[in-house]
Structures are given as structure tokens and as C-alpha cells.
Amino acid sequence: GAGVSQSPSNKVTEKGKDVELRCDPISGHTALYWYRQSLGQGLEFLIYFQGNSAPDKSGLPSDRFSAERTGGSVSTLTIQRTQQEDSAVYLCASSQLAGGPFHEQYFGPGTRLTVT
Amino acid sequence: AQTVTQSQPEMSVQEAETVTLSCTYDTSESDYYLFWYKQPPSRQMILVIRQEAYKQQNATENRFSVNFQKAAKSFSLKISDSQLGDAAMYFCGTGANSKLTFGKGITLSVRP
């Protein structure tokens, strides 16, 4: 079946503009995760969804970042008033369940965001 | 809180040889798991191997195996019979309560 898809694959925006990044999880996966990967760094957890609710938003770096998930499927990560430090690859992952024992997270190819 | 340290930024191995990638971690969780993900140039993260912390036997997946030393909080990855397709960035990490924490990664190159 289809894997996790993300769009756009690359986005260049001017400082101060808003951007929306989209994630389509694997069909049937109830959990969805967003990560940020800055150059030379590991993945930084941002937020995860169980269904449409977000039990853990602790990783969102500022109030300029928000995310939503509708219909238990597609998720959108929105960054308002982008700054140059927001430049990174944003990765989305999904898993069948969340919590408890290990549930493999399947990752999308990411969106590379460049803020000029 | 969870932290993961990968102290080697890059390593190189000759094709068909064996290489070990090191990783140490710290966690306040009592029920957690450990994993290694691979990220080739395509950016697609792929799970290589994982192990629940309560299991004493080291996990093995074909040419990939781990050496889990719980007391030392060490979780190294051994790749046997290295292949050109193994060249990638490798991330070690821990997970608990749906939250994964990753190290900074190590770039592995494979010499033909």
C-alpha cells in the first residue's frame, strides 16, 4: 500500500510569510507525528496526534507553530511569520497505534523548508 | 526526560567488513525501547532494528545486530558484511509513551 506522503517536497519562502506543510499518513494509522530535522542535527519531536486530538504538543518551539488533523487522516503543520531559524526538513510519521509498547513509526520523505 | 548521544559524527567501512556504531542514552522512563533508524540521501527514514529495554537478549535482524548494555546505557549497532547500500545516516534513539528521542546521527560511508 501507499506510504506516508508529504507535500510540498521543497518550499522556499520569504521571512515573515506563513507556510503550510501537509502530511498524508498510511491509511488506517491512528497516530501521526511531526518532527523537525535541522542541518547536522537529529530529529526533534514537535507534536503527535492520536486520532484528531494532540495529547502532546510539548515540542512545538513557539506559538508561531500549530498543527491540526482532520478526519483522523491528513495533518497540516502551519508556521506563521516564518524566521530563518525555521529552515529545516520537516518529517511526518504515522503508526498504527500510540503509547504502550513499541509501534513502528513509518516516515514520509519530508518537506525541506528554506526561509530567505 | 530522554537524551541520546552519538559521539562519532562519521565512520567508514570497507565493503564486506564489519562496523560498529556506538550510542549511549539516558532516560527517566522505566518502560522504554531503543532503536536504530537509517536515513539514505532520499531522506526516507527506515527502521533498522529495535529492542524493548526489558528484554535481555540482543536483537538481530539479518546482518544487523545490537549490543545492549542496560547498566551502561549503551546500545551499539553492528553491521556485518557491509554493502554499498548501507551507506546512509544512522540515528540511534529511545522511545516511551509515543515520544521518540533521536541522537544527532552518524554518517556511514562504505568503500567498494
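Since the model is a prediction, treat every value here as computed from it, not as a measurement. (Residues numbered from 1 in each chain as written. Chains lettered and ligands numbered in written order. Predicted model: local features only at pLDDT ≥ 70, side-chain atom pairs only at ≥ 80, totals over all residues. Heavy atoms only, no water.)

K.L.:
Could you clarify how one ought to interpret the pairing of strand E9 (residues 74-79) of chain B in this entry?
P.N.:
Looking down a regular strand, the side chains alternate between one sheet face and the other. Residue and element names in this part refer to chain B. Of the strand pairs in this sheet, strand E3 (residues 19-21) and E9 are connected by 3 bridges, and their pairing is antiparallel. Among the inter-strand pairings, Thr20 is bridged to a residue of E9, identified as Lys78. Relative to E9, strand E8 (residues 64-69) is paired through 6 bridges, and the arrangement is antiparallel. Among the inter-strand pairings, Asn67 is bridged to a residue of E9, identified as Ser76. From the end of E8 to the start of E9, which pair antiparallel, there are 4 residues, and Lys73 there has a positive phi angle of about 55°. (Pairing = 2+ DSSP bridges. Helix = DSSP H or I, 4+ residues; strand = E, 2+ residues; numbered from the N terminus.)

K.L.:
Got a minute to help me understand the environment of Lys15(A) in this structure?
P.N.:
All names here are of chain A. Topologically, Lys15 is positioned in the loop between strand E2 (10-13) and strand E3 (19-24). The class of Lys15 is exposed, set by a relative accessible area of 54%. Once the C-alpha coordinates of Lys15 and Gln105 are considered, the two residues, 90 residues apart in sequence, prove to be 32 Å apart. When neighbours within four sequence positions are excluded, Lys15 is seen to be in contact with Thr82, Gln83, Val115 and Thr116. (Buried < 20%, exposed > 50% of the residue type's maximum accessible area, 1.4 Å probe, protein only. Contact = heavy atoms within 4.5 Å.)

K.L.:
How should the pattern of salt bridges be read in this particular structure?
P.N.:
Oppositely charged side chains can form a pair if their charged atoms are brought close together. For the coordinates displayed, the defined rule picks out 8 salt bridges over all chains. Here Asp24(A) makes a salt bridge to Arg22(A), at a shortest N to O gap of 2.9 Å. Arg22(A) sits in the partly exposed class, given a relative accessible area of 38%. Salt bridges linked by common partners bring Arg50(B), Glu52(B) and Lys55(B) together as one network. (Salt bridge = Lys/Arg side-chain N within 4 Å of Asp/Glu carboxyl O.)

K.L.:
I would appreciate a short explanation of the nonpolar core in the present structure.
P.N.:
For soluble globular proteins, the rule of thumb is that nonpolar side chains tend to be buried together. Residues and elements named next belong to chain B. Counting 26 residues, the largest nonpolar core has Leu21, Trp36, Leu77 and Tyr90 as its most contacted members. With 4 residues, the single largest contributor to this core is strand E10 (residues 88-96). Residues within four places of Tyr90 in sequence aside, it is in contact with Gln6, Leu21, Trp36, Tyr37, Lys38, Val48, Phe64, Leu77, Ile79, Gly105, Ile106 and Leu108. (Core = buried A, V, L, I, M, F, W, Y, C linked by side-chain atoms within 4.5 Å.)

K.L.:
Sorry if this is basic, but what is going on with the packing of aromatic side chains here?
P.N.:
The way to describe two aromatic rings as a pair is by their centre distance and the angle between their planes. Residue and element names in this part refer to chain B. For the coordinates displayed, the defined rule picks out 12 aromatic pairs over all chains. Taking 5.3 Å as the distance between ring centres and 65° as the angle between the ring planes, the aromatic pair formed by Phe35 and Phe102 counts as edge-to-face. On the criterion of sequence distance, the pair formed by Phe35 in strand E5 (residues 33-39) and Phe102 in strand E11 (residues 99-102) is long-range, its members being 67 residues apart. Taking relative accessible area as the criterion, Phe102 reaches 8% and is therefore assigned buried. (Phe/Tyr/Trp six-rings, centres within 6.5 Å; stacked < 30°, edge-to-face > 60°.)

K.L.:
Quick question: what am I supposed to make of the state of the cysteines here?
P.N.:
Two cysteines form a disulfide when their sulfur atoms are joined by a covalent bond. Residue and element names in this part refer to chain A. Using the criterion set out here, one finds 2 disulfides over all chains in the structure. Disulfide partner of Cys23: Cys92, at an S-S distance of 1.9 Å. Between Cys23 and Cys92, the S-S torsion sits near -65°, and that sign places the bridge as left-handed. Pair noted here: Cys23 is in strand E3 and Cys92 is in strand E9 (residues 88-95), with a separation of 69 residues, a long-range link. No difference in accessibility class separates Cys23 from Cys92, as the two residues are buried. (Disulfide = S-S within 2.5 Å.)

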